Amino acid sequence: MRAALLLAALLLAPTVAFAQEAAGDEPSADEPSADSAPGDVPGTVWPLDGRRACPSLRACCVPGEDECTHPGMSRLMLGISGGAAFAAGAGTFLWVGDSLHSGDPQSAVLGVGLIGLGGSLVGMIADWMTPGSGGRVHDRPGRPTVRLTVSPGGTSTLDEAAPYGLGIRVDPTIALNARVSLQPHLGVSMGLGNSAHVAPVVGAVSSDQESAFPVVLRTWKMKVTAGAELAVRLPYPLAVKRPMYTGAVEVRWKPMWELRRRTLQPGAANVQIVEHNALYPVNLGLRWHVAPRQRFTFYAGPRIDWLSFSDPGDIELRRGKATMGTFYGEAWWQLDIPFSPLGRRKTSVNGRLNVGYIHSHLDGQRLDVGAIVGYFGPVELSFDLRIRKVNAPVAVQVTAGYRLATGGGPFVELGFVAPELGRKGT
Amino acid sequence: MTRTTDRPSRCTGWSLLALGGLVSALTLPSGCNTVACAHGDFGSAECRVAAENHYAQVTTSSGVSLHFAEPGSDDATVVAPLGLLEPTSTGVRVRPSTLMDFDLVIEAGTLGATSITLELENVASDAVLSLGPSGAEVELAPGMGTTRNVEVSLTDDVLWLRGRRDCPLTFRVVVAGDVQTNPVQFERVLDSLHDELADGAATGQPLLGFALLGDLAEVPVEEELRHVSSLLRNAVVPVSVTPGNHDVHGDVMAIYNRVFGAGTYAQAVCTAKLALFDTGAGGLAASVQARLPELLARSSFDFLVGGGHYPAYPGRTGNSWGDEDASFYLLSELARNEADLWVAGHYHSWEDTVPKPVGDREVRQIISGTAGASQGSGVPTFGYTRLTFSPAGLSSCFVEVLPPGRVEAQTGTATGIRYCP
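Residues numbered from 1 in each chain as written. Chains lettered and ligands numbered in written order. Predicted model: local features only at pLDDT ≥ 70, side-chain atom pairs only at ≥ 80, totals over all residues. Heavy atoms only, no water.

A. Structural view of the nonpolar core. Residues and elements named next belong to chain B. Ranked by internal contacts, the top residues of the largest apolar core, which has 55 residues, are Leu66, Ile106 and Leu118. Both domains that furnish three or more residues to this core are identified here as domain 1 (45-164) and domain 2 (171-418). Those residues in contact with Leu66 that sit more than four places away from it in its chain are Ala56, Gln57, Val58, Thr60, Leu85, Val92, Leu104, Val105, Ile106, Ile116 and Leu118. (Core = buried A, V, L, I, M, F, W, Y, C linked by side-chain atoms within 4.5 Å. Buried < 20%, exposed > 50% of the residue type's maximum accessible area, 1.4 Å probe, protein only. Domains from an automatic or database assignment. Contact = heavy atoms within 4.5 Å.)

Below, the structure is given as C-alpha cells:
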C-alpha cells in the first residue's frame, strides 16, 4: 500500500510542477562533465523547431549539445530491446528450463528487460503529460558527494526488535575530461542496535518480556562497500552519422567490493560471526540517454564470494578460498523533473524519479511472485530532490525511496553535493 | 519560433511538503504490537515453526491428549515437533516425520476415555513398536507395510508408544524432490523403491528410508497435498518430508503442516544424522537459524547430512535463496560441523555441484529435483539419488526411473553424478 502511494505520488509529480526548458546543460554528479560551472545561470529559451532541432517526431536538439535525440525513436528502440530481453529471460526461464541448464543470468535479463520496457512506456507517458518540456534539466540530481541514509526500524511483533539502519556513503566525482568521469565510492552502513527474534513456541522467557515466546536469536549487521565507477561517453555518432538520433551512450565500469558481517547470538550461546566478502570485478554497463530527461542504465557481471565464519565465542574468522557467487545485475530508468526554473528564483529545485531492479539476494531482499521465490532481486522506487542556491557551488539532495521486496521497505537519504573535481570553474 | 517558459512554481513548496509528509507516513510504525504469528501467515517460515509444533500434539473430543517426544525421552511434558497428529472419525492419525525411532506420549485425560485407535503411517515394516508406561512398555505384534492400526487401552494416565528399528552398519537412504507437475511419475518413483529395497537387501545395504525434499504440489492447496500424502501411504519405506516453495507460498491455513507435520527436524539414521530444514520461503526462520548449532551438531555420528528444498548454494543454477544471509549462516554451520553433504531439490535437474569453499572447509551438495516435476525443453530425467553409508564412507549415485515409453536408461556420469549400475 505504501509503495503504491509512493509510486502514485511520484508519477503525479510532473503534473503539479511547471516544467522548464533549459537552454544550457550541466551534467549531474554521476555524469561526465561539461565546461560549465554549477553557479552559471543559463537562459531558459531554446528552439523547439527549425534547422537546429531534430527534423521529426518529438525533436529535442539542445543548443550547445553535440547530440540531437529523438525521444520517440530512442524510446521505441529501448522498448523493443527491453521487450526482447524480457521475452528472452522469460522464455529461458519458462521453456528452456533446468534440463537444458538455462542458468544463472535468466532472471537478471528478465528484470533488466522489464525496466527497459517499463521505462520506455512511462517515459512516453511522462512526455505526453509535459508537452513542450523536453529540454535537459540543469543541475539534475545524481549521486551526492556525501549522503546519510536512514532505514526505519521497528516491528509490531512483541519482544522482537528491528533497529533503525544508518549509512554513510561518499561518492566524489572527478571529471577526467569532457567525456570521461570517475566516481570513487566508499560506504559504511549498520544497524543501530541488535535485531531480536522470538521463536513462536511457548518457552522460558525473561522477566522483561511481554509475551510467552522466548527471544532466541539476536543479530547485528554491518556493511562496508568500496569501489569506483568510470563513465566514458562515446563519441556520437560512433559509427554512422546521426544514427536515428537515438541518444548518447556511455560505457560504464563499476568494480565493487562489499563486506557484510553478521554477528549472531543464538539464545544464550556464544556469539558467532559470519562474514561475506563479495567482489564484482567486471561489472560493466551502459547508460543510454534516451531523452534529454530520461536515461536507462544497466550493469551486469559476475560475483566472487569469500565466506568466512567464526566458532562460537571466538572472534577470529576461519577464512578460505574464493568461489563464484550468483550473477549480478542492476538496471535503472530515471526521469528528471524540474520543479522551479533556475534564474527566476533564488533557489533551483530539481527532482529525479528512479525505478530500478537489482539482481541480488543479499541483505535479505528479494521480489517474490507467487511460488517464484529466490529468482528475483528487489525493485526500487525512489525520488531525489536537489536544492541549490543560485550561484552556490554546493547543493543539498534529499531522497525518499522504497524497496519493493520481501525484507524491503522505505528509506530516506540526505546528501551534500560538492563541486566536481577537475571541472573548469569549480 | 521560440518559446519561453518562465512560470515560477508556487507548487514547489507544496510539493516539498507533500514529499515530506509522504516520507513521514512511510516511516510510521504499522499496526498494534502483538505476539508472533497471531495473524496466521503460514507462508512465513517462522509461522510454520508454530504450526509444526501445533500439529505435533492433539487433544481428542474424548479428552485424550497425545504428543510426540524426543526418541528415548522419559519426560512426558516436553513436546517435540517430530510428527503429525490429526483427529479422524475413528481415532487419531499418527505420522512420525522420522525414518527410524519415534516416541509418542498418550495421556488418558479426565473425561473417562478408556481407549483410542491410532492410525499409524510412515512407520517402517521392520519397526518394533512397544506400548505402556515408561519403562514398562510391552512389544506389539509386528506389522506389514508402513501403516498400522493400534488399539490403545488407556490403562494408565500416561502411556508411551515407542517405535524402534535395528541399525545395520551399511545402509541406504534415497533422496529426491519436486513432484509437483507429474505425481503419476512420482508414483513410479515410489514403485521403484520396491526394487531398491530388494537390491539393498541382496547387497547387504538395506534401504532405510526416503527423504522427500519439497515441492510436492504445484500450488499449496489441500487437495494436491493430500493426494501426495495418500501416495506416501503406499511407500515401501518411511518418507521424511520437508516443504518447498510451491507447498507453502501464500498459505494462511498451514496446509503443509496439517498434512505432513514437521518441516524442520533432525533425526538419527543409525550412524548418520539427517537434518531437514524448511526452506520453503527461500530462507530459514530466525528461530530455526537460532537452532542451527543444535540441529547440525555432529555429536558422535559418523555422518552428517543436511537437506532442504533449496540448494544451500545455487552454483550456476539460478535457483538462489531469497535470503542469502540465512544461507550463509547455514553454510557456515554445515562447514563448522564438518557436514558430509547437503541434499536439495528445487532445481529440476540433478547435479553434484562443485563444492563450495566456506571458511577453511568445503561444503558438498547434491541436487536431485527429479521426482516428477517438469524439467523444461530437454529430455527429462526422473529418479532419485541413492546415498550409501558404510564404514568406508558415503557414496552416491543416481537411479533413473524411466517414464513410460522410454526403454534406454542412461549410464556413465552426468553433471557430476554417476548413474547407479
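The discussion continues.
B. Examining the pattern of salt bridges more closely. All told, the structure shown has 51 salt bridges over all chains when counted by the stated rule. Taking the shortest distance from any N to any O, the salt bridge between Arg319 of chain A and Glu275 of chain A comes out at 2.7 Å. Of this pair, Arg319 of chain A sits in the loop between β16 (317-318) and β17 (323-324) while Glu275 of chain A sits in strand β12 (residues 272-280), and the two are 44 residues apart along the sequence. Take Arg319 of chain A: its relative accessible area is 48%, and that puts it in the partly exposed class. Among the salt bridges present, the one from Glu137 of chain B reaches Arg162 of chain B, with a minimum N-O distance of 2.5 Å. (Salt bridge = Lys/Arg side-chain N within 4 Å of Asp/Glu carboxyl O. Helix = DSSP H or I, 4+ residues; strand = E, 2+ residues; numbered from the N terminus.)

C. Examining the side chain of Asn245 of chain B more closely. Structurally, the position occupied by Asn245 of chain B is in helix α5 (residues 245-248). Residue Asn245 of chain B is classed as buried on the basis of its relative accessible area of 1%. Setting aside residues up to four positions removed in sequence, Asn245 of chain B forms contacts with Ala371 and Val373 of chain A together with Asp215, Gly280, His309, Tyr310 and His346 of chain B.

D. Spatial organisation of the sheet that holds strand β20 (residues 361-368) of chain B. Residues and elements named next belong to chain B. Ordered in space as β15-β16-β17-β18-β20-β19, the six strands form an open sheet in which the pairing is mixed. Because the sheet does not close on itself, it has two edges, and the strands there are β15 (265-269) and β19 (350-358). Across the sheet, the axes of successive neighbouring strands diverge by a mean angle of 20°, strand direction being ignored. With three bridges joining them, strand β18 (residues 341-344) and β20 adopt parallel strand pairing. What sits directly across from Trp342, in β20, is Gln365. On the sheet, helix α7 (residues 286-295) packs against β15 and β16 (272-277) and is oriented at approximately 175° with respect to β16. (Pairing = 2+ DSSP bridges. Axes fitted to C-alpha atoms, helices over the stretch in contact; angles between N-to-C directions.)

E. Layout of the pairing of strand β17 (residues 303-308) of chain B. All names here are of chain B. Here β17 lies mainly inside the structure; six of its six residues are buried. Residue alternation in β17 divides its side chains into two sets, Phe303, Val305 and Gly307 and Leu304, Gly306 and Gly308, and both sets are buried. Pairing analysis gives six bridges linking β16 to β17, with the strands arranged parallel. Among the inter-strand pairings, Ala275 is bridged to a residue of β17, identified as Gly306. The parallel pair β16 and β17, bridged by α7, forms a crossover whose chirality is right-handed. Relative to β18, β17 is paired through four bridges, and the arrangement is parallel. Paired with Gly308 across the two strands is Ala344, which belongs to β18. Since β17 and β18 lie parallel, the crossover through helix α8 (residues 324-336) that links them has a hand, and here it is right-handed. (Right-handed = clockwise from strand over helix to strand, strands pointing away.)

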